[in-house]
Amino acid sequence: MSETPIDSSKRTWLIASGCAGAVGGVAVAVPFVSTFQPSEKAKAAGAAVEVDISALKAGEKMTVEWRGKPVWIVKRTPEQVAELPKLDSQLADPKSERHPDEFTPPYARNEHRSIKPEILVAVGICPHLGCSPSDKFTPGPQPSLPSDWQGGFLCPCHGSTFDLAGRVFKNKPSPDNLEVPPHMYLSDTRLLIGEDKKA
């Protein structure tokens with residue numbers, strides 16, 4: 001049997017074109033396959049956010065971002081919690097009965113609108129036109145606030161006022177209380193915002 005001589009130039013060409021084809025195939029496949037994966041931005045936009053609240057002191061607020069919105073975590077003092085029921089007659093929706101599924105999960109449909117009386121978790125966006133209210137925690141008369149102010153939030157855009165449970169006062173532009181996002185406690189000092197059911 002005689003062997004056919006190998007044409008080394010053809011072999012080099014076949015190997016080179018095969019490698020180029022494989023590289024091209026991978027270059028096309030990787031972006032195509034990656035379209036099935038959510039982007040980092042999409043993951044961040046919808047993902048739950050875990051928050052350590054161990055350093056939060058009574059009377060303080062911290063802000064975290066969830067789905068592109070500011071979420072406030074306020075640790076109310078015992079005095080602030082005690083004042084909440086006394087404000088009911090001044091509030092538009094003291095029991096969070098208006099649009100409850102949109103603004104208040106079942107576990108926050110109470111006087112303090114929270115799981116734990118001392119911790120408020122609320123989206124810091126006014127339901128009126130989407131402005132972000134300012135902290136007005138100090139009680140007493142102040143510009144744009146009533147003389148018997150007990151502390152809460154003031155929306156600088158159109159003057160809506162909210163108590164320290166995020167409940168809107170009567171006769172204000174905001175039609176609703178501040179939104180309470182879904183959340184749950186992973187421990188006494190760790191909150192998960194964006195989920196409220198254990199898997």
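What you see is a predicted model; the values in this text were computed from it and never measured. (Residues numbered from 1 in each chain as written. Predicted model: local features only at pLDDT ≥ 70, side-chain atom pairs only at ≥ 80, totals over all residues. Heavy atoms only, no water.)

Peer 1: Which residues make up the overall build of the protein chain, and what values do they have?
Peer 2: When its secondary structure is counted, the protein chain shows 4 helices and 9 strands. Counting from the amino terminus, the protein chain carries its helices and strands in the arrangement α-α-β-β-β-α-α-β-β-β-β-β-β. Within the span of the protein chain, comprising 199 residues, buried residues form 35% of the whole. Sequence separation of 24 or more characterises 53% of the internal contacts of the protein chain that already satisfy a separation of 6 or more. Surface summary for the protein chain: the accessible area is close to 11500 Å², and the carbon and sulfur share equals 59%. (Helix = DSSP H or I, 4+ residues; strand = E, 2+ residues; numbered from the N terminus. Buried < 20%, exposed > 50% of the residue type's maximum accessible area, 1.4 Å probe, protein only. Contact = heavy atoms within 4.5 Å. Areas by Shrake-Rupley, 256 points an atom, 1.4 Å probe, with all protein chains shown as cover.)

Peer 1: I'd like a rundown of the side chain of R113, residues and numbers included.
Peer 2: Tracing the backbone shows R113 in the loop between helix 4 (100–103) and strand 4 (119–123). For the buried R113, which has no salt bridge, the nearest side chain bearing the opposite charge is D163, at an N-O separation of 6.5 Å. Side-chain polar atoms of R113 contact the backbone oxygen of F103, separated by 3.4 Å. A distance of 2.8 Å separates the side chain of R113 from the side chain of T104, its partner in a polar contact. Setting aside residues no more than four positions away along its own chain, R113 makes contact with S96, F103, T104, A108, L120, A165, G166, R167, N177, L178 and V180. (Lys, Arg positive; Asp, Glu negative; His and termini not counted. Salt bridge = Lys/Arg side-chain N within 4 Å of Asp/Glu carboxyl O. Polar contact = N/O pair within 3.5 Å; in protein donor to acceptor, adjacent residues only side chain to side chain.)

Peer 1: I'd love a proper account of the side chain of D176, names of residues and values included.
Peer 2: Within the secondary structure layout, D176 lies in the loop between strand 7 (161–163) and strand 8 (183–185). If near-sequence neighbours (up to four positions away) are discounted, D176 is found in contact with R98, H99, F103, P127, F162 and V168.

Peer 1: I'd like to hear about the sheet that holds strand 4, residue by residue, with values.
Peer 2: Within the open sheet, the 3 strands sit side by side as 2-3-4. Their pairing is antiparallel. In this open sheet, the two strands that pair with only one neighbour each are strand 2 (60–66) and strand 4. Neighbouring strand axes in the sheet, compared pairwise and without regard to direction, differ in orientation by 20 degrees on average. Where strand 3 (residues 69–75) lies against strand 4, 5 bridges are found, and the strand directions are antiparallel. In the sheet register, I73 faces strand 4, and the bridge partner there is V121. (Pairing = 2+ DSSP bridges. Axes fitted to C-alpha atoms, helices over the stretch in contact; angles between N-to-C directions.)

Peer 1: Would you mind going over the pattern of salt bridges in detail, with residue names and values included?
Peer 2: One pass over the full model with this rule turns up 12 salt bridges. Linking K69 and E179 is a salt bridge whose minimum nitrogen-to-oxygen distance equals 3.6 Å. Here K69 is found in strand 3, whereas its partner E179 is found in the loop between strand 7 and strand 8, with 110 residues between them in sequence. As a salt-bridge pair, K95 and D88 come within 3.6 Å of each other at their nearest N and O atoms. Residue D88 is classed as buried on the basis of its relative accessible area of 18%. The network of salt bridges with shared partners includes D88, K95, E111, D163 and R167.

Peer 1: Provide a residue-level description of the nonpolar core, including the pertinent values.
Peer 2: In this structure, V74, F153, F162 and L178 are the most contacted members of the largest nonpolar core, which totals 15 residues. With 14 residues, the next largest nonpolar core counts V51, L56, I73 and V123 among its residues. (Core = buried A, V, L, I, M, F, W, Y, C linked by side-chain atoms within 4.5 Å.)

Peer 1: Pulling in residues and values, what's your account of the layout of surface pockets?
Peer 2: Size it by volume and the largest pocket reaches roughly 170 Å³. Lining the largest pocket are 16 residues, with D101, P105, V180, P182 and D196 positioned closest to its centre. The element best represented in the lining of the largest pocket is helix 4, accounting for 4 residues. Looking at side-chain class alone, the lining of the largest pocket contains 9 nonpolar, 1 polar and 6 charged residues. (1 Å grid on protein atoms, 1.4 Å probe; cavity = no way out; pocket = protein on both sides within 12 Å on 5 of 7 lines; lining within 4 Å. Points joined across faces, edges and corners; volume = space filled by probe spheres on them. Nonpolar A, V, L, I, M, F, W, Y, C, P; charged D, E, K, R; others polar.)

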